[in-house]
Amino acid sequence: MTRPLLIAPSMLASDFSKLGEEVRAVDTAGADWIHLDVMDGHFVPNISFGPDIIKAMRPHSKKIFDVHLMIAPCDPHLEAFAKAGSDIITVHVEAGPHLHRSLQAIRAMGKKAGVSLNPATPAETVAHVLDTVDLILVMSVNPGFGGQAYLPLVEEKIAQLKAMTAGRPIDIEVDGGITAQTATRVIAAGANVLVAGSAVFKGGVSTYASNISAIRNAASLARGEAA
Ligand code: DX5
Ligand code: ZN
């Protein structure tokens, strides 16, 4: 079963003074999903935005809102992110005492559930939740900031997760330092969803479409598909 190739620009690298416009621009430029990075200054050393900002972005695109929660504890906030218009809500393995329960809570609200692994988090930590997730998000940088260098050490873990999820309807998403170059490596390892912040937003609005295409074409070739 081959999962579709999807490109998810991260709004963290956009111009926050005009978020609605930026969402519309990446939507038009060919984004498959809109990736939204929520940071609490506690689980990660940076603070970004919360549910009200996501709610404000929601009317600007019909595409999937892929919400990546880098917050702990996550449980008290899941409902607010569901109500804000998230389609997928992803929590980190370490974001609460009962990962399986957090994922069940997300699904109970009718949303897709994702689990994320930091570079230091082993693949085995999600073995018990494979029936309860729609997506596994592999961090290829330490979470907290855009623009960091890709860590090749994650490739072995992506391959492990690909094997663990064989035959299941689970997307494998990679986040951090993704460019047209690194995309080929994570695709070869088994990922099918690529998050990209800097590589999409660099160069300004007139370059978003070509930046997304460059990543998509490199990834398609690595999948053995026509670019
Ligand atoms: C990092 C975030 C990423 C980040 C990616 O903690 O989860 O989504 O925005 O940014 P780039 O693509 O610039 O590494
Ligand atoms: Zn992210």
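Residues numbered from 1 in each chain as written. Chains lettered and ligands numbered in written order. Predicted model: local features only at pLDDT ≥ 70, side-chain atom pairs only at ≥ 80, totals over all residues. Heavy atoms only, no water.

1. Brief notes about the coordination of the zinc ion (ligand 2)
Tetrahedral coordination by four donors places them ideally at 109.5 degrees to one another around the metal; octahedral coordination by six donors ideally gives 90 or 180 degrees.
Working step 1: Distances from the zinc ion (ligand 2) to its protein donors, His35 (NE2), Asp37 (OD), His68 (ND1) and Asp175 (OD), fall within 2.0 to 2.3 Å.
Working step 2: Here the zinc ion (ligand 2) is ringed by six donor atoms whose angles at the metal span 67 to 167°, and the overall shape comes out octahedral.
Working step 3: Each donor residue of the zinc ion (ligand 2) belongs to the same chain, and together they define the spacing H-x1-D-x30-H-x106-D. Here His68 lies in strand E3 (residues 64-70) and Asp37 lies in strand E2 (residues 33-39), a separation of 31 residues in the sequence.
Working step 4: Judged by its relative accessible area of 4%, Asp37 is buried. (Donors = N, O, S within 2.8 Å, 3.2 Å for Na, K, Ca; no water. Tetrahedral: all angles 85-135°; square planar, octahedral: opposite > 155°, others 65-115°. Helix = DSSP H or I, 4+ residues; strand = E, 2+ residues; numbered from the N terminus. Buried < 20%, exposed > 50% of the residue type's maximum accessible area, 1.4 Å probe, protein only.)

2. A look at the side chain of Ser116
Working step 1: Note that Ser116 resides in strand E5 (residues 112-117).
Working step 2: On the basis of relative accessibility, which here comes to 0%, the residue Ser116 falls in the buried class.
Working step 3: A polar side-chain atom of Ser116 sits 3.1 Å from the main-chain carbonyl oxygen of Leu137.
Working step 4: For Ser116, the contacting residues outside a window of four places in its chain are His68, Thr90, Val91, His92, Val93, Leu137 and Met139. (Polar contact = N/O pair within 3.5 Å; in protein donor to acceptor, adjacent residues only side chain to side chain. Contact = heavy atoms within 4.5 Å.)

3. Overview of the side chain of Asn118
Working step 1: On the secondary structure map, Asn118 appears in the loop between E5 and strand E6 (135-139).
Working step 2: Leaving out residues up to four positions away in the same chain, Asn118 has contacts with Phe43, His92, Glu94, Met139, Pro143 and Lys157.

4. Overview of the site of ligand 1
Working step 1: Close to ligand 1 lie 20 residues, the nearest being Asp37, Asp175, Gly177, Gly197 and Ser198.
Working step 2: Contact distances for ligand 1 include 2.7 Å between an oxygen atom and a side-chain N or O atom of Asp37.
Working step 3: Here Gly147 contributes a backbone N or O atom positioned 2.8 Å from an oxygen atom of ligand 1.
Working step 4: When the free accessible area of ligand 1 is taken as 380 Å², the share hidden by the protein chains comes to 98%.
Working step 5: Those elements that place two or more of their residues in the shell around ligand 1 are E2, E3 and strand E8 (193-196).
Working step 6: Of the residues contributing to the shell around ligand 1, the split by class is eight nonpolar, ten polar and two charged. (Near = heavy atom within 4 Å. Areas by Shrake-Rupley, 256 points an atom, 1.4 Å probe, with all protein chains shown as cover. Nonpolar A, V, L, I, M, F, W, Y, C, P; charged D, E, K, R; others polar.)

5. Looking at unusual backbone geometry
Working step 1: With an omega of 0°, the peptide bond between Ala72 and Pro73 qualifies as cis.
Working step 2: In this structure, Pro73 sits in the loop between E3 and helix H3 (78-83).

6. Here's the deal with the pattern of salt bridges
Working step 1: This model, assessed by the stated rule, comprises nine salt bridges.
Working step 2: Two residues, Asp171 and Arg3, come together in a salt bridge whose shortest N-O distance is 3.0 Å. Residue Asp171 is located in strand E7 (residues 171-175), and its partner Arg3 is located in the segment before strand E1 (6-9); the two are separated by 168 residues in the primary sequence.
Working step 3: Asp131 serves as the salt-bridge partner of Arg168, at 2.6 Å between the closest nitrogen and oxygen. Of this pair, Arg168 sits in the loop between helix H5 (154-164) and E7 while Asp131 is found in the loop between E5 and E6, placing the two residues 37 residues apart along the sequence. (Salt bridge = Lys/Arg side-chain N within 4 Å of Asp/Glu carboxyl O.)

Limitation: the analysis is restricted to geometry and does not speak to function.
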